[in-house]
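Survey of secondary and tertiary structure
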Amino acid sequence: MTDFIQLLVAGISIGSIYAMTAIGFVLLWQTSNTINFAQGEFVVLPAFAMVLFLTVFRWPFAAALLATVLVSTLLLGFLVKEVLVARLLEAGVLPLVIATIGLSLLIRYSLQYFWTPLALPFPPVFSRVPIRLGTIVLSWEELMNVLLVGIVIGALQLFITRTKLGWAMQAVAQNRTLATVLGIDVSRLVTLTFVLNAALAAVAAILIAPVYLVKYDIGIGLGLKAFYAAIIGGFNQIRGALLGGLLVGVVETLAAAYLSSQFRDAFALVILIAVLLLKPEGIWGVKEEWSS
Amino acid sequence: MALLEVHDIHAGYGKMEILKGVSLRVETGQVVSIIGPNGAGKSTVFKTLFGLLPVRQGHVRFAGEDVTNEPPAALLGRGLAYVPQGRNVFPLMTVEENLRLGAYIRPRSAELDREVERVYDTFPMLREARRKRAADLSGGQQQMLEMGRALLLRPRLMLLDEPTLGLAPRVFREIFRIIEDLRRLGQTILMVEQNAAKALEISDYAYVLELGLNRFEGSGEAIRNDERIRRLYLGR
Ligand SMILES: Nc1ncnc2c1ncn2[C@@H]1O[C@H](COP(=O)(O)OP(=O)(O)OP(=O)(O)O)[C@@H](O)[C@H]1O
Ligand SMILES: [Mg+2]
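This text gives an overview of the structure that appears in the document.

Cut-offs applied
- Residues numbered from 1 in each chain as written.
- Chains lettered and ligands numbered in written order.
- Predicted model: local features only at pLDDT ≥ 70, side-chain atom pairs only at ≥ 80, totals over all residues.
- Heavy atoms only, no water.
- Helix = DSSP H or I, 4+ residues; strand = E, 2+ residues; numbered from the N terminus.
- Buried < 20%, exposed > 50% of the residue type's maximum accessible area, 1.4 Å probe, protein only.
- Contact = heavy atoms within 4.5 Å.
- Areas by Shrake-Rupley, 256 points an atom, 1.4 Å probe, with all protein chains shown as cover.
- Lys, Arg positive; Asp, Glu negative; His and termini not counted.
- Charge placed at Lys NZ, Arg CZ, Asp CG, Glu CD.
- Pairing = 2+ DSSP bridges.
- Near = heavy atom within 4 Å.
- Polar contact = N/O pair within 3.5 Å; in protein donor to acceptor, adjacent residues only side chain to side chain.
- Nonpolar A, V, L, I, M, F, W, Y, C, P; charged D, E, K, R; others polar.
- Donors = N, O, S within 2.8 Å, 3.2 Å for Na, K, Ca; no water.
- Axes fitted to C-alpha atoms, helices over the stretch in contact; angles between N-to-C directions.
- Phe/Tyr/Trp six-rings, centres within 6.5 Å; stacked < 30°, edge-to-face > 60°.
- Expected span 1.5 Å × (residues − 1).
- Parallel < 35°, antiparallel > 145°, perpendicular 65-115°, else oblique.

1. A word on the overall build of chain B
- In terms of helices and strands, chain B carries 10 helices and 10 strands.
- Expressed along its principal axes, the backbone C-alpha trace of chain B runs to roughly 45 × 40 × 35 Å.
- Residues counted as buried form 55% of the 236 residues belonging to chain B.
- Taking as baseline every contact in chain B between residues at least 6 positions apart, the subset at least 24 positions apart corresponds to 64%.
- With the model as given, the accessible surface of chain B reaches about 10100 Å², and the carbon-plus-sulfur share is 49%.
- Between the averaged position of the 34 positive side-chain charges in chain B and that of its 30 negative side-chain charges there is a distance of 3 Å.

2. Overview of the pairing of strand β2 (residues 16-26) of chain B
Residue and element names in this part refer to chain B.
- Alignment of strand β1 (residues 4-13) against β2, held across 8 bridges, turns out to be antiparallel. The partner of Tyr13 across the bridge, within β2, is Met16.
- Counted along the chain from β1 to the antiparallel partner β2, the turn is 2 residues long, and its residue Gly14 has a positive phi close to 55°.

3. Looking at the site of ligand 1
All names here are of chain B.
- In the vicinity of ligand 1 lie 14 residues, with Gly39, Lys42, Ser43, Thr44 and Gln85 positioned nearest.
- In this structure, Gly39 approaches ligand 1 through a main-chain N or O atom, which is 2.9 Å from an oxygen atom.
- Within the side chain of Gln85, an N or O atom sits 2.9 Å from an oxygen atom of ligand 1.
- Burial of ligand 1 by the protein chains amounts to 63% of its free accessible area of 640 Å².
- Those elements giving two or more residues to the shell around ligand 1 turn out to be β2 and α1 (42-49).
- Ranked by the residues each element gives to the shell around ligand 1, the list is headed by α1, at 4 residues.
- For the shell around ligand 1, the per-class residue count stands at 5 nonpolar, 6 polar and 3 charged.

4. Observations regarding the coordination of the magnesium ion (ligand 2)
All names here are of chain B.
- Within the first shell, the magnesium ion (ligand 2) binds the protein through Ser43 (OG) and Gln85 (OE1), at distances of 1.9 to 2.0 Å. Of the two residues, Ser43 sits in helix α1 while Gln85 sits in the loop between β6 (80-83) and α3 (95-102), which places them 42 residues apart along the sequence.
- Owing to a relative accessible area of 18%, Ser43 belongs among the buried residues under this scheme.
- For Gln85, a relative accessible area of 34% puts it in the partly exposed group.

5. Topic: the sheet that holds strand β3 (residues 31-35) of chain B
All names here are of chain B.
- Within the open sheet, the 6 strands sit side by side as β6-β7-β8-β3-β9-β10. Their pairing is mixed. If you trace the sheet from one side to the other, it starts and ends with β6 and β10 (213-219), each paired once. Here the strands of the sheet are splayed against their neighbours by 15° on average, with no regard to which way each runs.
- Relative to strand β9 (residues 205-210), β3 runs parallel, the two sharing 4 bridges. If you follow Ile34 over to β9, its bridge partner there is Tyr207.
- Running at roughly 155° to strand β8 (residues 189-192), helix α7 (residues 169-184) makes contact with β3, β7 (157-161) and β8 of the sheet.

6. Some words on the packing of aromatic side chains
Residue and element names in this part refer to chain A.
- Applying the stated criterion to the full structure yields 12 aromatic pairs over all chains.
- Ring centres 5.5 Å apart and planes at 75° place the aromatic pair Phe25 and Phe227 in the edge-to-face group. Taken together, the residues Phe25 in helix α1 (residues 2-32) and Phe227 in helix α9 (residues 218-233) connect sequence positions 202 residues apart.
- Since its relative accessible area comes to 1%, Phe25 is described here as buried.
- Residues Phe37 and Phe227 carry aromatic rings whose centres are separated by 5.2 Å and whose planes lie at 65° to one another, so their mutual orientation is edge-to-face. Of this pair, Phe37 sits in the loop between α1 and α2 (39-56) while Phe227 sits in helix α9, and the two are 190 residues apart along the sequence.
- The class for Phe37 is partly exposed, based on a relative accessible area of 35%.
- Joined through ring pairs, the aromatic side chains of Phe25, Phe37 and Phe227 make up one cluster.

7. Here's the deal with α1 of chain A
- With 31 residues, α1 of chain A should cover 45 Å at 1.5 Å per step; its first-to-last C-alpha distance of 45 Å lies within 8% of that length.
- Once α1 of chain A ends, the next one or two residues include Asn33 of chain A, with phi positive near 50°.

8. So, the packing of α1 of chain A against helix α6 (residues 164-174) of chain A
Residue and element names in this part refer to chain A.
- Taken N-terminus to C-terminus, the directions of α1 and α6 make an angle of 65°; their axes are 6 Å apart at the nearest point. In terms of their interaxial angle, α1 and α6 are classed as roughly perpendicular. Mapping the contact onto sequence places Leu27, Gln30 and Thr31 in α1 and Met169, Val172 and Ala173 in α6.

Below is the structure:
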């Protein structure tokens, strides 16, 4: 039982990071029809940036964090939107998909070639002193991950449902043409979404780096899990991506402990296939017969 | 001075030119209809007027100013509202949320709240359904939602593209009753309607479009009684 609770918390912790990555992924899909196959690298790049600022430049943590979010939103937010998406959006879904695959390879192998093929250690963000609750041992890292992700997602949810700009974002997601007809600046909202996604990715990077170490290729698995999480929860819902991310995190952690740690990464795929068979639109998804 | 003056516009999609010189005038307070066979370019006229397609040649004047190729947001600001053909709602939002997004360019205000109430007075069906998701509305309710949404902009000119397409006779009559009410209240309307005979009955003026060109024009009554037009477009 003790084991189970500890594993559950660990699963929720890693799952919350998957969820955050998946939510950004879903937002991009909703407002700009971009299936971002570079989502994993969107997390890896800020992780490397953080290593640069923190251990190479030796900046204080807060400054490094701020600089990382800034670099991420500028490069992966504005630049990607203006250079890639703005030009390809008109051409439909497929050219953008291919462009993001290209982008993921570019980021991944540039980091390997120009920086290092090795795994870089990442200084722990939170205290490594364990927390003991009776026989249960938890780490600050796990608890703070969940707390931080909760705050970020809560803030995002408030923004989307309580502000005019957030409403406009939902409007673009549900009917792009109509949004234009009502005077909503669709292009500006797409930019905003890319910036939000880049910020989410930067936070995910800082939380996941101490768990995975920072290596050029960790984006492959991470991007795939975010993708699975989005599909499992229902591609067009934020709460779906949240649920999907948590589910993937918990199931893979439990299964790795009780069934087989070798196949840890396969369990997300098992849930994915199960969901696709039983409820193809995702657990919380809405059938997209309505998109006009 | 006409409220809307469209002079010899050319427009189309990609390499295809659909409008090959269309001209229209709408005076304040008038209801003007555009009729013509399927594919004549009626919807394309609206899309071009509203800045969704570029004007390649010719010009558009609104309230005395040249507005050729202005984007939709700017035209909305000038008092042009557009209800596109087909069902155009935000499916996962409620009726009320859809209405309020219709007034996106207006700041939130107590006045806007009163106008939302007035839209519900005009369309009582919408008041009952205000908390329903737009996706769950009937076709007629959706059309009413779209018209109410446009009214929240207090438009000087309303562009209505096929407001009764695919609706049951009872809803059809209801929509027409509302259009006539709006007309009595002085709302200027430029519309396309598949039931041309009915549209001409309430139109001050009408244009017949064919293959992207003006074919005939005249008062609603003159067009309705024109023998050639009856045979060609009114199916009688
Ligand atoms: N998005 C588009 N891309 C390419 N061609 C289009 C597009 N929309 C319309 N067309 C073409 O432009 C022509 C005019 O279309 P339009 O929709 O303006 O006709 P309409 O008079 O409104 O007809 P309807 O009564 O069917 O609504 C048609 O030949 C149509 O196939
Ligand atoms: Mg049409």
